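As a plain string of letters, each chain reads:
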Amino acid sequence: MEAEGLDWLLVPLHQLVSWGAAGAMVFGGVVPYIPQYRDIRRAQNAEGFSTYVCLVLLVANILRILFWFGRHFESPLLWQSIVMILTMLLMLKLCTEVRVTNELNVKRRFFADFDPHHFWHWSSFGDYVQCVLAFTGVAGYVTYLSIDSALFVETLGFLAVLTEATLGVPQLYRNYCHQSTEGMSIKMVLMWTSGDTFKTAYFLLNGAPLQFSVCGLLQVLVDLAILGQAYAFARHPQKPAPHVAHPASAKAL
């Protein structure tokens with residue numbers, strides 16, 4: 001009787017917690033990029049942020065959305081992908097505008113040139129949009145033709161989460177090559193670690209497809225490895241070397 005009497009409190013409380021977790025899933029992934037956006041805008045310098053981070057996240061989230069058409073998953077995860085795509089496009093727009101403003105007497109480069117040497121180094125935000133739309137169109141058409149194949153759908157989901165899971169690998173490799181984490185924000189890595197841990201727990205508790213859980217676990221391991229590098233290199237610092245500009249807070253080179 002006592003438990004039934006508390007239903008009026010427990011049911012809405014459970015619903016509130018569920019909404020909070022869903023909101024954290026949708027918007028939590030973009031939070032680490034807000035200070036980065038503000039820093040670039042204030043300093044009018046985008047050298048500390050790698051636009052390849054945007055490329056990886058755009059590809060991963062476009063593939064995840066296409067995977068949803070073949071195998072529906074939690075709605076917050078779908079909205080998370082949409083919000084992340086919009087965020088990365090905003091980051092690209094700002095970075096491109098700042099870079100073009102700072103470049104003098106540099107030949108303009110366009111997506112339509114189809115020059116692999118200048119891939120993802122174009123002079124206009126519109127060229128990045130064209131590339132994203134082209135990729136989405138091709139991937140969407142292939143998905144439409146193969147949507148009835150369970151093997152294709154599962155492979156698509158695996159590619160989506162694997163792409164996202166490797167986001168921290170370039171940063172891990174950079175730290176190893178330089179034997180230093182100079183220029184890397186520890187606070188940012190801690191935010192990635194806490195976010196990836198929460199995301200993985202959410203996947204496991206809500207019965208998300210296996211690919212999502214594997215992706216989350218791999219991301220947490222990479223984040224922990226980067227934190228381990230920071231600890232190890234702080235205890236055994238290298239001799240001072242000539243100054244070289246390093247990415248400040250990008251999760252990639």
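Residues numbered from 1 in each chain as written. Predicted model: local features only at pLDDT ≥ 70, side-chain atom pairs only at ≥ 80, totals over all residues. Heavy atoms only, no water.

(A) Main features of the UniProt feature "transmembrane region" (unreviewed entry) in the chain. The feature "transmembrane region" (unreviewed entry), as given by UniProt, occupies residues 16-37, 49-71 and 77-95 in the numbering adopted here. Taken end to end, residues 49-71 comprises 87% helix and 0% strand; its first and last C-alpha atoms sit 34 Å apart. Secondary structure across residues 77-95 divides into 100% helix and 0% strand, with the first and last C-alpha atoms of the span separated by 27 Å. (UniProt positions renumbered as here; feature names shortened; annotations may be inferred. Helix = DSSP H or I, 4+ residues; strand = E, 2+ residues; numbered from the N terminus.)

(B) Structural context of the packing of aromatic side chains. Tallied over the full model, the rule gives nine aromatic pairs. Ring centres 5.9 Å apart and planes at 35° place the aromatic pair Phe119 and Trp120 in the tilted group. What makes Phe119 partly exposed here is its relative accessible area of 35%. Centre to centre, the rings of Trp120 and Trp122 are 5.7 Å apart; their planes meet at 65°, and the pair counts as edge-to-face. Overall, Trp120 belongs to the buried group, its relative accessible area being 1%. By the ring-pair criterion, three or more aromatic residues cluster together here, those being Phe111, Phe114, Phe119, Trp120, Trp122 and Tyr128. (Phe/Tyr/Trp six-rings, centres within 6.5 Å; stacked < 30°, edge-to-face > 60°. Buried < 20%, exposed > 50% of the residue type's maximum accessible area, 1.4 Å probe, protein only.)

(C) Highlighting helix α8 (residues 169-178). Among the residues of α8, Gln171, Arg174 and Asn175 are the ones counted as buried. Take α8 and look down its axis: the buried residues cluster within an arc of 95°, on one side only. Counted as exposed and oriented over 90 degrees from the buried face of α8: Tyr173 and Tyr176. In the core, the buried residues of α8 are packed alongside α10 (210-235). Gln179 lies just past α8 and shows a positive phi near 50°. (Arc of directions from axis to C-beta. Contact = heavy atoms within 4.5 Å.)

(D) Region of the structure containing the packing of helix α3 (residues 33-43) against helix α5 (residues 75-102). The N-to-C vectors of α3 and α5 enclose an angle of 20°; their axes lie 10 Å apart at closest approach. Taken together, the axes of α3 and α5 lie roughly parallel to each other. Considering only the axes of α3 and α5, their crossing is left-handed. Listed contacts from α5 to Tyr33, Gln36, Tyr37, Ile40 and Arg41 of α3 are Met88, Leu90, Met91, Leu94, Cys95 and Val98. (Axes fitted to C-alpha atoms, helices over the stretch in contact; angles between N-to-C directions. Parallel < 35°, antiparallel > 145°, perpendicular 65-115°, else oblique. Left-handed = near helix turned anticlockwise from the far one by under 90°.)

(E) Structural view of the pattern of salt bridges. In this structure the tally under the stated criterion is six salt bridges. In this structure, the salt-bridge partner of Glu97 is Lys93, at a minimum N-O distance of 2.6 Å. Of this pair, Glu97 and Lys93 both sit in helix α5, four residues apart, which is roughly one turn of the helix. Assessed through its relative accessible area of 40%, Glu97 is described here as partly exposed. Via salt bridges that share partners, Arg64, Glu164, Asp196 and Lys199 belong to a single interconnected network. (Salt bridge = Lys/Arg side-chain N within 4 Å of Asp/Glu carboxyl O.)

(F) Examining a nonpolar patch on the surface more closely. On the surface, a cluster of nonpolar side chains totalling about 310 Å² of accessible area is made up of Phe158, Leu159, Leu162 and Leu218. When residues of the nonpolar patch are assigned to their parent elements, the largest contribution, three residues, is made by helix α7 (residues 150-165). Positionally, Phe158 belongs in helix α7. Residue classification places Phe158 among the partly exposed positions, given a relative accessible area of 40%. (Patch = residues over 30% accessible without salt bridge, like charges linked within 9 Å, V, L, I, M, F, W, Y side chains within 5 Å. Areas by Shrake-Rupley, 256 points an atom, 1.4 Å probe, with all protein chains shown as cover.)

(G) Here's a closer look at the nonpolar core. Core analysis: the largest hydrophobic core is formed by 48 residues, its most contacted members being Ile40, Phe49, Leu77, Met88, Trp120 and Phe212. Of all the secondary-structure elements, those providing two or more residues to this core are α2 (7-28), α3, α4 (51-70), α5, α6 (125-146), α7, α9 (186-205) and α10. Leaving out residues up to four positions away in the same chain, Phe212 has contacts with Arg64, Phe67, Phe73, Leu77, Val161 and Phe203. The next biggest cluster of nonpolar side chains, apart from the first, holds five residues, and it includes Met188, Val189, Val222 and Ile226. (Core = buried A, V, L, I, M, F, W, Y, C linked by side-chain atoms within 4.5 Å.)

(H) Broad picture of the packing of α8 against α10. Packing of α8 against α10 leaves a shortest axis separation of 9 Å and a crossing angle of 20°. Taken as axis vectors, α8 and α10 run roughly parallel relative to one another. Crossing of α8 over α10 shows left-handed handedness. Mapping the contact onto sequence places Val169, Gln171, Leu172, Asn175 and Tyr176 in α8 and Val222, Ala225, Ile226, Gln229 and Phe233 in α10. Among the residues forming the contact of α8 with α10, the class breakdown is seven nonpolar, three polar and no charged. (Nonpolar A, V, L, I, M, F, W, Y, C, P; charged D, E, K, R; others polar.)

(I) Highlighting unusual backbone geometry. Backbone geometry places Gln44, a non-glycine residue, at a positive phi of 55°. Inspection of the secondary structure puts Gln44 in the loop between α3 and α4. Residue classification places Gln44 among the partly exposed positions, given a relative accessible area of 38%. Residue Phe114 is not a glycine yet carries a positive backbone phi of 50°. When you line up the elements, Phe114 lands in the loop between α5 and α6. Take Phe114: its relative accessible area is 63%, and that puts it in the exposed class.

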